Protein chains: 2
Amino acid sequence: MNAITPASAERLVRVPLGERAYDILIGPGLIAGAGREIAARLKGRKAAIITDENVAPLYLGALVASLEAADIQASSLVLPAGEKTKSFEHLITVCDAVLTARVERNDAVIALGGGVIGDLSGFAAGIVRRGVRFVQVPTSLLSQVDSSVGGKTGINTHHGKNLVGVFHQPDLVLADTDVLNTLSEREFRAGYAEVAKYGLIDKPDFFAWLEANWKDVFAGGAARIEAIAASCQAKSDVVVADERENGARALLNLGHTFGHALEAATAYDSRRLVHGEGVAIGMVLAHEFSARLNLASPDDAKRVETHLKAVGLPTRMGDIPGELPPAEVLMDAIAQDKKVKSGKLTFILTHGIGQSFVADDVPSSEVLSFLKEKHP
Amino acid sequence: MNAITPASAERLVRVPLGERAYDILIGPGLIAGAGREIAARLKGRKAAIITDENVAPLYLGALVASLEAADIQASSLVLPAGEKTKSFEHLITVCDAVLTARVERNDAVIALGGGVIGDLSGFAAGIVRRGVRFVQVPTSLLSQVDSSVGGKTGINTHHGKNLVGVFHQPDLVLADTDVLNTLSEREFRAGYAEVAKYGLIDKPDFFAWLEANWKDVFAGGAARIEAIAASCQAKSDVVVADERENGARALLNLGHTFGHALEAATAYDSRRLVHGEGVAIGMVLAHEFSARLNLASPDDAKRVETHLKAVGLPTRMGDIPGELPPAEVLMDAIAQDKKVKSGKLTFILTHGIGQSFVADDVPSSEVLSFLKEKHP
Ligand SMILES: NC(=O)c1ccc[n+]([C@@H]2O[C@H](COP(=O)([O-])OP(=O)(O)OC[C@H]3O[C@@H](n4cnc5c(N)ncnc54)[C@H](O)[C@@H]3O)[C@@H](O)[C@H]2O)c1
Ligand SMILES: NC(=O)c1ccc[n+]([C@@H]2O[C@H](COP(=O)([O-])OP(=O)(O)OC[C@H]3O[C@@H](n4cnc5c(N)ncnc54)[C@H](O)[C@@H]3O)[C@@H](O)[C@H]2O)c1
Ligand SMILES: [Zn+2]
Ligand SMILES: [Zn+2]
């Protein structure tokens with residue numbers, strides 16, 4: 001992790017999923033060349049771009065121009081920004097737009113935006129005509145390092161997050177690292193929580209590298225590209241080992257069981273909490289909970305908290321503005337979370353930095369008393 | 001095809017799709033034993049039954065009792081009957097019911113009904129938690145011989161039929177041949193069109209057997225079970241050769257391109273036309289169109305029409321009550337049908353009885369003038 005590639009270098013991570021294999025390109029200025037890259041991989045010549053109201057004024061024009069220069073006929077749909085867009089209502093709108101554009105099986109849906117746009121349009125791409133081609137152009141750090149890789153798509157319902165969706169791998173991911181310059185500091189930090197997550201799962205050296213180099217990652221340039229490429233490689237490794245989340249892939253949910261409960265408790269209101277912030281608090285909680293169960297040293301939990309705090313992320317439930325519901329309500333949200341099997345709680349716990357594991361039989365009483373203790 | 005198995009015999013067709021392989025059980029009284037068969041194949045112990053208002057009063061009680069006797073906790077949702085139920089609106093209702101029943105990945109959605117209920121609930125089973133287990137208990141002849149086998153699920157949109165859906169194979173199909181006794185004569189005939197279809201695709205001996213034995217198939221007993229088992233076997237063979245419809249599976253659409261256009265032209269109004277009736281007319285048209293292109297003898301088209309007419313099916317556009325839109329409008333519906341690739345029309349044509357093939361480059365001008373000629 002210490003050998004930094006030159007600033008100009010574009011990085012390629014290949015996700016080797018047999019007939020569903022695809023490339024992730026990471027580097028500056030990729031949107032300008034998107035048409036060429038997509039045309040080289042697509043049989044069809046039509047694309048329906050799905051984006052949001054924040055991203056559209058910044059990058060939609062450039063993407064459309066690049067597609068048209070490569071002889072791909074592009075239509076676009078601009079949706080409201082934010083987590084609430086991951087709904088059945090907007091799914092219907094996207095499917096309708098894709099069908100109106102007469103996108104067929106060899107044509108593509110292109111997601112231009114963060115994880116919200118990626119999850120929603122990937123779902124639509126997976127169900128229109130029982131599956132059309134799909135290209136991710138992730139524009140948030142979180143989507144570049146996490147949501148655009150691996151094929152999980154979906155929407156939220158009043159029962160919880162991501163409870164409805166499909167596995168539908170993209171055919172190409174174009175992570176243009178320049179576009180991160182317009183992302184807010186807060187959203188960049190939120191994405192950084194997922195970068196740190198890969199270190200905490202099973203790459204202690206990467207976590208140590210981040211502790212030393214995080215300022216360079218935030219500043220942009222070579223360290224940023226390196227951190228994104230390392231994250232995509234880490235995610236790819238897990239996905240290839242367990243494409244449909246029957247086992248090892250659950251490790252990617254480190255910090256997410258607590259995080260999702262906090263997102264639900266704040267009604268997905270991004271003014272209070274965004275996904276990556278929930279994950280940051282959740283990862284600290286997961287390390288503390290593991291320490292409480294005598295599985296890991298409390299020093300590791302402290303080290304995680306210190307680093308996430310240094311970059312400016314929230315690390316405690318008390319850091320969330322406004323009132324939180326009581327611990328019992330958080331517990332209910334956890335029980336309805338999709339990582340529950342036959343009534344038993346599945347949790348990602350850890351033996352220390354970079355030593356996470358899947359625990360299948362965590363008693364809910366333990367979780368509840370821990371939550372009560374930590375509740376602000 | 002001449003050796004008929006004894007009346008009491010239950011038949012088993014196995015669909016050998018690797019890790020997605022499953023059994024189709026065909027025979028009398030299977031609903032009473034459903035709980036046992038399902039419990040033997042399911043890890044979970046919860047099931048959400050989806051059915052319609054016609055089927056529920058007849059068979060829902062027996063199915064619930066059988067599941068509970070096998071220690072499976074069952075919830076039920078009763079939807080309106082008819083093609084209009086295959087909509088986004090009802091999909092949302094089904095997903096909500098499945099989530100409310102807390103069905104997890106190893107639990108099941110059970111479709112109890114015809115192809116409408118099967119297509120809709122199979123879609124929901126494919127997307128809730130990105131896929132839960134799925135059991136088909138088809139109750140119409142059409143669903144027993146066609147829609148419950150092969151994993152195609154979906155709903156309709158105002159752009160056309162089955163344009164949104166997923167491939168999601170069932171884990172078990174239970175075709176109780178007794179329940180067909182309450183099916184209307186008209187719906188039985190409509191399902192019979194799909195039985196005849198398998199003969200016309202590539203089994204001329206089966207078609208000849210049907211010409212000789214169709215009255216026994218309608219009467220019930222051994223000939224009916226035999227015809228259903230032969231149909232399931234034929235469908236399974238095609239599905240195994242091409243699970244995701246990239247090639248040979250398209251043959252199953254014999255008669256369907258015309259049929260779907262007629263369904264759209266009659267606004268999916270079952271008082272005027274049901275799916276199998278559209279297919280019957282469509283198969284006659286496909287044979288006549290092939291004859292017009294000098295690919296087959298007009299005698300074969302005549303033979304198809306004679307048989308379908310004998311069983312009481314409509315065979316001409318003029319048999320549909322009410323006005324049909326002009327040929328140009330039918331042509332538009334065909335062009336928007338999902339079997340269009342890069343603008344060219346894909347049609348299932350034939351060299352004669354049991355000699356169908358996929359034609360990729362049928363000029364739309366030929367189809368249009370044929371439609372004008374046949375228009376009542
Ligand atoms: N599918 C998966 O495997 C997976 C993994 C992790 C997270 N997710 C999902 O991802 C979502 C969160 O993704 P996110 O954090 O990207 O949220 P997001 O899509 O809401 O983007 C965050 C905000 O940044 C804006 N934005 C994005 N790119 C920008 C840019 N370049 N310049 C300026 N503004 C920009 C967006 O408009 C939005 O307001 C959640 O719904 C989460 O469930 C999915
Ligand atoms: N998925 C596939 O591969 C596939 C293949 C062919 C057709 N289909 C779809 O199947 C649908 C047509 O299926 P269908 O013909 O079964 O329609 P359907 O589900 O509407 O059933 C026909 C009618 O019969 C009633 N009914 C069903 N079983 C009964 C019984 N045992 N006793 C009394 N009434 C009963 C129903 O309530 C309904 O009114 C169409 O939507 C078509 O697109 C799908
Ligand atoms: Zn996440
Ligand atoms: Zn059919």
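Provided above is the structure to which this section pertains.
Calculation notes
Residues numbered from 1 in each chain as written. Chains lettered and ligands numbered in written order. Predicted model: local features only at pLDDT ≥ 70, side-chain atom pairs only at ≥ 80, totals over all residues. Heavy atoms only, no water. Helix = DSSP H or I, 4+ residues; strand = E, 2+ residues; numbered from the N terminus. Rg over C-alpha atoms; globule rule 2.2 N^0.38 Å. Buried < 20%, exposed > 50% of the residue type's maximum accessible area, 1.4 Å probe, protein only. Areas by Shrake-Rupley, 256 points an atom, 1.4 Å probe, with all protein chains shown as cover. Near = heavy atom within 4 Å. Polar contact = N/O pair within 3.5 Å; in protein donor to acceptor, adjacent residues only side chain to side chain. Nonpolar A, V, L, I, M, F, W, Y, C, P; charged D, E, K, R; others polar. Donors = N, O, S within 2.8 Å, 3.2 Å for Na, K, Ca; no water. Phe/Tyr/Trp six-rings, centres within 6.5 Å; stacked < 30°, edge-to-face > 60°. Core = buried A, V, L, I, M, F, W, Y, C linked by side-chain atoms within 4.5 Å. Contact = heavy atoms within 4.5 Å. Axes fitted to C-alpha atoms, helices over the stretch in contact; angles between N-to-C directions. Left-handed = near helix turned anticlockwise from the far one by under 90°.

1. Here we look at the overall build of chain A
For step 1, the next point in the chain: If you tally the helices and strands in chain A, you get 13 helices and 12 strands.
For step 2, the next point in the chain: Computed over its C-alpha atoms, the radius of gyration of chain A comes to 20 Å, within 12% of the 21 Å expected for a compact globule of 376 residues.
For step 3, the next point in the chain: Dimensions along the principal axes, computed over C-alpha positions, put chain A at roughly 60 × 45 × 40 Å.
For step 4, the next point in the chain: Buried residues in chain A amount to 63% of all 376 residues.
For step 5, the next point in the chain: Surface accessibility of chain A: about 13,600 Å² in total, with carbon and sulfur atoms responsible for 51%.

2. Section: the site of ligand 2
Residues and elements named next belong to chain B.
For step 1, the next point in the chain: Close to ligand 2 lie 26 residues, the nearest being Asp52, Glu83, Thr139, Ser140 and Thr182.
For step 2, the next point in the chain: Between threonine 139 and ligand 2, the recorded distance is 2.7 Å, taken from a side-chain N or O atom to a nitrogen atom.
For step 3, the next point in the chain: When the free accessible area of ligand 2 is taken as 860 Å², the share hidden by the protein chains comes to 90%.
For step 4, the next point in the chain: Looking at the shell around ligand 2, the elements that each hand over two or more residues are helix H2 (56-69), helix H4 (115-127), helix H5 (141-147) and strand S8 (160-164).
For step 5, the next point in the chain: For the shell around ligand 2, a count of residues per class yields eight nonpolar, nine polar and nine charged.

3. Re the coordination of the zinc ion (ligand 4)
Residue and element names in this part refer to chain B.
For step 1, the next point in the chain: Those donors, Glu194 (OE), His256 (NE2) and His275 (NE2), are the protein atoms that reach the zinc ion (ligand 4), and they lie 2.0 to 2.2 Å from it.
For step 2, the next point in the chain: Summarised as a motif, the one-chain spacing of the donors to the zinc ion (ligand 4) is E-x61-H-x18-H. Highlighted residues: glutamate 194 in helix H6 (residues 185-202) and histidine 275 in helix H10 (residues 275-292), separated in sequence by 81 residues.
For step 3, the next point in the chain: For glutamate 194, a relative accessible area of 0% corresponds to the buried category.
For step 4, the next point in the chain: Overall, the relative accessible area of 18% leaves histidine 275 in the buried class.

4. Observations concerning the packing of aromatic side chains
Residue and element names in this part refer to chain A.
For step 1, the next point in the chain: All chains considered together, the criterion is met by 18 aromatic pairs over all chains.
For step 2, the next point in the chain: Taking the centre distance of 5.7 Å and the plane angle of 55 degrees together, the rings of phenylalanine 289 and phenylalanine 347 count as tilted. With phenylalanine 289 in helix H10 (residues 275-292) and phenylalanine 347 in strand S11 (residues 344-350), this residue pair connects regions lying 58 residues apart in the sequence. Each of the two residues, phenylalanine 289 as well as phenylalanine 347, counts as buried.

5. Section: the site of ligand 1
All names here are of chain A.
For step 1, the next point in the chain: By nearness alone, 26 residues border ligand 1, and Asp52, Glu83, Thr139, Ser140 and Thr182 come closest of all.
For step 2, the next point in the chain: One of the backbone nitrogen or oxygen atoms of lysine 152 is found 2.9 Å away from a nitrogen atom of ligand 1.
For step 3, the next point in the chain: Here a nitrogen atom of ligand 1 sits 2.7 Å away from a polar atom, N or O, in the side chain of threonine 182.
For step 4, the next point in the chain: Protein contacts shield 90% of the accessible area of ligand 1, which totals 860 Å² for the unbound molecule.
For step 5, the next point in the chain: Residue assignment for the shell around ligand 1 shows that the elements contributing at least two residues are helix H2 (56-69), helix H4 (115-127), helix H5 (141-147) and strand S8 (160-164).
For step 6, the next point in the chain: Looking at the shell around ligand 1, its residues break down into eight nonpolar, nine polar and nine charged.

6. A short note on the coordination of the zinc ion (ligand 3)
Residues and elements named next belong to chain A.
For step 1, the next point in the chain: Coordination of the zinc ion (ligand 3) by the protein is provided by Glu194 (OE), His256 (NE2) and His275 (NE2), with metal-donor distances spanning 2.0 to 2.2 Å.
For step 2, the next point in the chain: The sequence pattern describing where the donors of the zinc ion (ligand 3) fall on their chain is E-x61-H-x18-H. Of this pair, glutamate 194 sits in helix H6 (residues 185-202) while histidine 256 is found in helix H9 (residues 256-265), placing the two residues 62 residues apart along the sequence.
For step 3, the next point in the chain: Looking at histidine 256, the relative accessible area reads 5%, which means it is buried.

7. Observations concerning the nonpolar core
For step 1, the next point in the chain: Counting residues in each nonpolar core, the largest one holds 53 residues, and the members touching the most others are A:Leu91, A:Ile127, B:Leu91 and B:Ile127.
For step 2, the next point in the chain: Discounting chain neighbours no more than four positions away, the residues touching A:Ile127 are A:Leu91, A:Cys95, A:Val166, B:Phe123, B:Leu163, B:Val164, B:Gly165 and B:Val166.

8. Focus: the packing of helix H7 (residues 204-219) of chain A against helix H11 (residues 298-310) of chain A
Residues and elements named next belong to chain A.
For step 1, the next point in the chain: At a closest axis distance of 10 Å, the pairing of H7 and H11 adopts a crossing angle of 35 degrees. When the axes of H7 and H11 are compared, the crossing they make is left-handed. Facing H7, whose interface residues are Phe207, Ala208, Leu210, Glu211 and Trp214, H11 presents Arg303, Val304, His307 and Ala310.
For step 2, the next point in the chain: Residues that form the contact of H7 with H11 fall into these classes: six nonpolar, one polar and two charged.

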